[in-house]
Amino acid sequence: MRIAIGTGLSALALLGLVAGCKPDKADVVTARRAEAAERAEQARKAVTDGQAAVAASAAATDLPPEIANVEVARFGEHRITLADVAARIRQQPPHMQARYASQANREELLRAMVQFEVIAAEAKRQGLDQQPRVQEAWKDALARALLEDVVRSGPTMADITEAEIAAWYEDKRDDFVQPERRRAAVLVLPTADEAAEVHAVLAKTIEATPKEARQIFGDFVRVRSKDEATAARKGDIGWLTAEGAPPEGVPGSVVKQAFAVDGVGDVSAPFPLGDGRFAVVQVTQVRPATTRTLQEARLDIQNALFREKQAQVRQDYIDALMAKTKVEILADRLDALPAPAAGQPAAGATPRAPHLSDERLRRGLVTTRPPGKSNAGREIPLDVNAKKPNLSPQEVQDLMARDRKASSGGSGSTSSGSAAPETPPPSAPPSATTQETP
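Residues numbered from 1 in each chain as written. Predicted model: local features only at pLDDT ≥ 70, side-chain atom pairs only at ≥ 80, totals over all residues. Heavy atoms only, no water.

It is worth spelling out the overall build of the protein chain at this point. Regarding its fold elements, the protein chain presents 15 helices and nine strands. Every one of the 438 residues in the protein chain was classed for burial, and the buried ones make up 34%. The long-range fraction of contacts in the protein chain, counting pairs at least 24 apart against all pairs at least 6 apart in sequence, stands at 75%. Accessible surface for the protein chain amounts to roughly 25800 Å². Of this, 55% is attributable to carbon and sulfur atoms. (Helix = DSSP H or I, 4+ residues; strand = E, 2+ residues; numbered from the N terminus. Buried < 20%, exposed > 50% of the residue type's maximum accessible area, 1.4 Å probe, protein only. Contact = heavy atoms within 4.5 Å. Areas by Shrake-Rupley, 256 points an atom, 1.4 Å probe, with all protein chains shown as cover.)

This brings us to the packing of helix α9 (residues 192–208) against helix α10 (residues 213–224). Where α9 meets α10, the axes come as close as 10 Å, and the angle between the chain directions of the two elements is 150 degrees. Taken together, the axis directions place α9 and α10 in an arrangement best described as roughly antiparallel. Here α9 and α10 pass one another in a crossing that is right-handed. Note on element contacts: α10 touches α9 through Ala213, Ile216, Phe217, Phe220 and Arg224, opposite Glu194, Val198, Val201, Leu202, Thr205 and Ile206. Of the residues contributing to the contact of α9 with α10, the split by class is eight nonpolar, one polar and two charged. (Axes fitted to C-alpha atoms, helices over the stretch in contact; angles between N-to-C directions. Parallel < 35°, antiparallel > 145°, perpendicular 65-115°, else oblique. Left-handed = near helix turned anticlockwise from the far one by under 90°. Nonpolar A, V, L, I, M, F, W, Y, C, P; charged D, E, K, R; others polar.)

Moving on, we get to the pattern of salt bridges. Under the criterion given, the structure shown has 17 salt bridges. Linking Asp149 and Arg152 is a salt bridge whose minimum nitrogen-to-oxygen distance equals 2.3 Å. One end of the pair, Asp149, and the other, Arg152, are both in helix α7 (residues 132–152), three residues apart, so they sit about a helical turn from each other. According to the relative accessible area criterion, Asp149 is buried, its value standing at 2%. (Salt bridge = Lys/Arg side-chain N within 4 Å of Asp/Glu carboxyl O.)

On to the confidence of the model for the protein chain. Note that predicted coordinates carrying low pLDDT should not be read in detail. Taken as a whole, the protein chain shows an average pLDDT of 74; of its residues, 64% reach a score of 70 or greater. Of all the helices and strands in the protein chain, strand β9 (residues 414–415) carries the lowest mean pLDDT, 38, while helix α8 (residues 162–171) carries the highest, 95. Segment residues 353–391: pLDDT under 50, and 122 contacts once partners within four positions in sequence are set aside and those in other chains are kept. Contacts from residues 407–438, a stretch scored under 50 in pLDDT, to residues over four places away or in other chains number 102 contacts. (pLDDT = per-residue confidence, 0-100.)

Before going further, it helps to spend a moment on the packing of α7 against helix α13 (residues 294–323). Interhelical geometry of α7 versus α13 gives an angle of 125 degrees and a closest axis separation of 9 Å. On the basis of the axis angle, α7 is oblique to α13. Crossing of α7 over α13 shows right-handed handedness. Along its contact with α7, which presents Leu146, Leu147, Val150 and Val151, the element α13 presents Gln310, Val313, Arg314, Tyr317 and Ile318. For the contact of α7 with α13, the class distribution of residues is seven nonpolar, one polar and one charged.

The subject of this paragraph is the environment of Gly265. If you trace the backbone, Gly265 turns up in the loop between α12 (252–258) and β6 (271–272). A residue is classified by how much of its surface remains accessible, and Gly265, at 12% relative accessible area, is buried. C-alpha separation for the pair Gly265 and Gln282, spaced 17 residues apart in sequence, amounts to 6.2 Å. With residues near it in sequence (within four places) discarded, Gly265 still touches Ala213, Gln282 and Val283.

Residue pairs spaced three or four apart in an α-helix point in one direction, given the helix's 3.6 residues per turn. Of all the bends in α13, the greatest, near 30 degrees, is centred on Asp300. Regarding α13, the residues found buried are Ala297, Asp300, Ile301, Gln302, Ala304, Leu305, Phe306, Ala311, Arg314 and Tyr317. (Bend = angle between axes of the 7 residues up to and from the residue.)

Moving on, we come to the pairing of strand β1 (residues 71–75). Of the pairings in the sheet, the one linking β1 to strand β2 (residues 78–81) comprises four bridges and is antiparallel in character. The residue of β2 that forms the bridge with Ala73 is Ile80. Following β1, the chain reverses through two residues before pairing antiparallel with β2; Gly76 in that reversal takes a positive phi of roughly 60 degrees. (Pairing = 2+ DSSP bridges.)

Non-glycine residue Lys234 carries a positive phi angle of around 55 degrees. Judged by its relative accessible area of 25%, Lys234 falls in the partly exposed class.

Right, let's get into the packing of aromatic side chains. As enumerated under the stated definition, the model contains one aromatic pair in all. Seen from their ring centres, Tyr169 and Phe176 are 4.9 Å apart, and the 35 degrees between their planes marks the pair as tilted. Its relative accessible area of 1% is what places Phe176 among the buried residues. The ring of Tyr100 carries the charged tip of Arg99 above its face, separated from the ring centre by 5.3 Å. (Phe/Tyr/Trp six-rings, centres within 6.5 Å; stacked < 30°, edge-to-face > 60°. Lys NZ or Arg CZ within 6 Å of the ring centre and 35° of its normal.)

Taken together, Leu63, Ile67, Val70 and Leu82 make up a surface patch of nonpolar side chains, about 260 Å² in accessible area. One can find Val70 in the loop between α3 (65–68) and β1. A residue is classified by how much of its surface remains accessible, and Val70, at 35% relative accessible area, is partly exposed. (Patch = residues over 30% accessible without salt bridge, like charges linked within 9 Å, V, L, I, M, F, W, Y side chains within 5 Å.)

Written out as structure tokens, the structure is:
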């Protein structure tokens, strides 16, 4: 059956070139490195000779020759066989391969393959394959394919022992401790006398109806607070911890007072903010300190150890490759290179995606949060000098909802008033290198 080739490019998203097949696990590191280097050389030769990448993996399709060599499309000197199509299907994720049982989806894939080859052939005809950016991308793809093969031939998840997991846990035990956290609201007043007056009325009102403590305090904030930024949120300043630096915009005295009161619904005595104004703090929620057990953290630790071992295999291979390569670096000559203006790209430079030579990739791509510590909620700052317009009720609700979603911690929270306890998200996997996510 002949298939008409359309002009649309929507199916190009299905295309991705995979260099080589997953090798069998070797017994020694030297054998792994030799196999990976050989596959990289084969891939380089295939690209240099202008061969389609799928042709290199056609042998992995297990099709008999009389079927594998059947042409399904041709243009100019190029041809696409059933082996090429089968190889392309094999390169899809397992859950995607089943969709190609449909004839319509096979035709869509074939059209995409032809379009890809036609475009690539035209680009080569125009000499684009010799452009520096194309050569750089080609070398980057080769380097990535080589290191992916090296990593795949390295340790597996099954190679991580229970002793290693236990040792990691003991070494980083403090990372699995979540300290007590308190959510608080603040009422800001201009003078000590007014703060004392409002505090007396506030305490008496809460004492009469303690179950409505949060609502009462929020109403006082909206009516009497002199800090517009927090007044629109009924004084809410998010989650606080007793140790460490306070959230941006929140004075340390506010944090100290929030942990000085007994618990949920309690209100502090008036205290100075340090800018001539005074404040009263109410605790609205409490999350007790928790410690994740080894069993609770086991999977996170195993994943972190696996990534650590992969990064080590990658780096060991790079170090060995560099050691046997004669390299001369004349770094002192870099002084002659004009530096671009701060924050500005060099003249004529074009943006590009980061590649293997970038520092963050060279270091192993390990950028996860510490074990046992999930994202801290995005704190809402108390800027005592801010002059911001009040938010609408809907904006206030959106801010509160976003803060509830962002905050995390143990499951033993208590609350009062209209604020309901949130269900914390799971903790992030551990890692030796950390990067906080806002």
